[in-house]
2 protein chains.
Amino acid sequence: MPLDKSIFDHLSFGADGLIPAIIQSADSGRVLMMAWMNHESLSQSIELGETVFWSRSRQEFWHKGATSGNTQQIISIEADCDSDALLIRVRENGPACHTGTESCFDVQTIYLSSEEE
Amino acid sequence: MPLDKSIFDHLSFGADGLIPAIIQSADSGRVLMMAWMNHESLSQSIELGETVFWSRSRQEFWHKGATSGNTQQIISIEADCDSDALLIRVRENGPACHTGTESCFDVQTIYLSSEEE
């Protein structure tokens, strides 16, 4: 059955046609990365069942893991209360980050509260 | 000791001076919301130990919970591998969402894989 794209009609894509997508591991709960989707990459993601982003730097579709094999199988997609951000829970096949770490947020700590030090 | 703001110098704020901030509960692991920070609101967040955003709609600083009481105590701030997104783990005092739900992502499911249905 073809995808009914009207389910996206209420989403707020920005002036550049993009919406931020937060990718979270369904298994570990770790936030893996943040990337951008447009209407078409969101459609492709749902049809494929894997994350497809829009690369702002390369200005092209980016099927995550197409070359590395580190694809992300989509478990759920939720929009936030004002429909301008997506939370996508995935089952990941390998590290999310091109640096080889599980999460793109594993590399730079800007601040730790004294509670955590 | 005054905050050394040079720790932000390598962060990539967008053309609008903003960087997306993903807010995650340190206790439940739930992603609570996504909002935007500029250099100054990030500085204020660290100095205060609570999240302070830049409201794009109101074009003003937004100390989360200043009126509702639902503040977010910052546990850690991490930047991603290309320094253009922040992951902020918080201990939240009350629901993150103005609708009263724990997370702003509790309200709209766009897609569920058959695995989850």
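Not measured: the values here are computed from a predicted model. Counting starts from 1 at the beginning of each chain's written sequence and moves along it residue by residue. Labels are handed out in written order, letters beginning with A for the chains and numbers beginning with 1 for the ligands. Reporting in this predicted model follows two pLDDT cut-offs: at least 70 for local features of residues, and 80 or more for side-chain atom pairs to be given and counted; totals over whole chains, interfaces and linings ignore these cut-offs and use all residues. Remark: hydrogens and water are excluded; side-chain values derive from all non-hydrogen atoms of the structure.

*Asks:* Even after reading the chapter, I still don't get the interface of chain B and chain A, so can you show me in this structure?
*Replies:* The accessible area lost on association of the parts is a frequent measure of interface size. Note on contacts: a residue pair is in contact if any heavy atoms of the two residues lie within 4.5 Å. Opposite the 45 residues of chain B that make contact, chain A presents 45 residues. Summed over both partners, the accessible surface that disappears when two parts come together, traced with a 1.4 Å probe, is what is meant by buried area. For the chain B and chain A pair, buried surface summed over both sides reaches about 3,700 Å², with 60% attributable to carbon and sulfur atoms. Of all residues in chain B, Phe 105, Ile 110 and Tyr 111 of chain B bury the most surface against chain A, accounting for 20% of the area lost on that side. Definition used for salt bridges: Asp or Glu carboxyl oxygen within 4 Å of a side-chain nitrogen of Lys or Arg. At the surface where chain B touches chain A, the tally comes to 4 salt bridges. Residues Arg 30 of chain A and Glu 78 of chain B are paired through a salt bridge, measuring 3.2 Å at the closest nitrogen-oxygen approach. In protein, a polar contact requires one atom able to donate a hydrogen and another able to accept it; more generally it is a pair of N or O atoms within 3.5 Å, and residues adjacent in sequence count only if both atoms are side-chain atoms. The interface formed by chain B and chain A holds 20 residue pairs in polar contact (both at pLDDT 80 or more) in total. The set of elements that each furnish at least two residues to the side of chain B that touches chain A consists of strand 1 (19–25), strand 2 (31–37), strand 5 (72–79), strand 6 (86–92) and strand 7 (108–112) of chain B. Among the elements that take part in the side of chain B that touches chain A, strand 5 of chain B stands out by supplying 7 residues, more than any other. Residue polarity follows a fixed list, in which Ala, Val, Leu, Ile, Met, Phe, Trp, Tyr, Cys and Pro are nonpolar, Asp, Glu, Lys and Arg are charged, and the others, Gly among them, are polar. Across the side of chain B that touches chain A, the residue classes tally to 24 nonpolar, 12 polar and 9 charged. Helix numbering and strand numbering both begin at the N terminus, where a helix is a DSSP run of H or I of at least 4 residues and a strand a DSSP run of E of at least 2.

*Asks:* What am I meant to see in the pattern of salt bridges here?
*Replies:* Pairing of side chains with opposite charge becomes possible as their charged atoms draw close. Counted according to the given criterion, the structure contains 10 salt bridges over all chains. As a salt-bridge pair, Asp 27 of chain B and Arg 91 of chain B come within 3.3 Å of each other at their nearest N and O atoms. A residue pair is termed long-range when its members are at least 10 positions apart, and Asp 27 of chain B in the loop between strand 1 and strand 2 and Arg 91 of chain B in strand 6 qualify at 64 residues. Judged by relative accessible area, Arg 91 of chain B falls into the partly exposed class, the value being 24%. Across the salt bridge formed by Arg 30 of chain B and Asp 106 of chain B, the nearest N and O atoms sit 2.8 Å from each other. With Arg 30 of chain B in the loop between strand 1 and strand 2 and Asp 106 of chain B in the loop between strand 6 and strand 7, this residue pair connects regions lying 76 residues apart in the sequence. Taken together, the shared-partner salt bridges in this structure form one network comprising Arg 30 and Asp 106 of chain A together with Glu 78 of chain B. Partly exposed residues are those whose accessible area sits between 20% and 50% of the maximum for their type, while under 20% is buried and over 50% is exposed, using a 1.4 Å probe and protein chains only.

*Asks:* Explain the relation of the copies chain B and chain A here, please?
*Replies:* The operation relating the pair of chain copies consists of a rotation about an axis and a translation along that axis. Least-squares fitting of one copy onto the other uses the C-alpha atoms of those residues that reach a pLDDT of at least 70 in both copies. Least-squares fitting of chain B to chain A yields an RMSD of 0.0 Å, with the superposition described by an axial translation of 0.0 Å and a rotation of 180°. In the structure described here, the two chain copies are related by an operation that fits a two-fold rotation axis. When C-alpha positions in chain B are compared against the rotation axis, the closest is assigned to Gly 29 of chain B, at 3.0 Å. A shared interface surface links the copies, since 100% of the contact residues of chain B are contact residues in chain A too.

*Asks:* Any chance you could explain the layout of surface pockets here in plain terms?
*Replies:* For cavity detection a 1 Å grid was placed over the protein atoms alone, and a set of points counts as a cavity when a 1.4 Å probe fits there but cannot get out; an open set counts as a pocket when protein lies on both sides within 12 Å along at least five of seven lines, with lining residues being those that have an atom within 4 Å of a point. Grid points are joined across faces, edges and corners, and a volume is the space filled by probe spheres set on the points. Taken as a whole, the largest pocket spans an internal volume of roughly 890 Å³. Taken together, 43 residues make up the lining of the largest pocket; nearest its centre are Asp 84 of chain A together with Met 34, Ala 35, Trp 36 and Arg 56 of chain B. Those elements that provide at least two residues to the lining of the largest pocket are strand 1 (19–25) of chain A together with strand 2, strand 3 (52–55) and strand 4 (60–63) of chain B. Residue contributions to the lining of the largest pocket peak at 4 residues, all from strand 2 of chain B. Space inside the second largest pocket adds up to approximately 630 Å³.

*Asks:* Is there a simple way to explain helix 1 (residues 39–48) of chain A in this structure?
*Replies:* Residues of helix 1 of chain A that are buried include every one of Ser 41, Leu 42, Ser 43, Ser 45 and Ile 46 of chain A, and no others. The elements touched by buried residues of helix 1 of chain A are strand 2 (31–37), strand 3 (52–55), strand 4 (60–63), strand 5 (72–79) and strand 6 (86–92) of chain A together with strand 7 of chain B. Directly after helix 1 of chain A, the chain includes Gly 49 of chain A, whose backbone phi takes a positive value near 80°.

*Asks:* Is there a simple way to think about the sheet that holds strand 6 of chain A in this case?
*Replies:* By way of backbone hydrogen bonds, the strands of a sheet pair with one another, either parallel or antiparallel. For two strands to pair, DSSP has to find at least two bridges joining them. On the basis of which strands lie adjacent, the open sheet formed by 5 strands has the order 2(A)-1(A)-6(A)-5(A)-7(B) and mixed pairing. In the strand order of this sheet, the two ends are held by strand 2 of chain A together with strand 7 of chain B, each with one partner. The mean angle between the axes of side-by-side strands here comes to 25°, regardless of whether they run parallel or antiparallel. Here strand 5 of chain A pairs with strand 7 of chain B via 4 bridges, running antiparallel. Considered in strand 7 of chain B, the bridge of Ile 77 of chain A is made with Tyr 111 of chain B. Axis definition: a line fitted to C-alpha atoms, over the contacting stretch in the case of helices. Angles run 0 to 180 degrees between N-to-C directions.

Nothing here speaks to function; it is all geometry.
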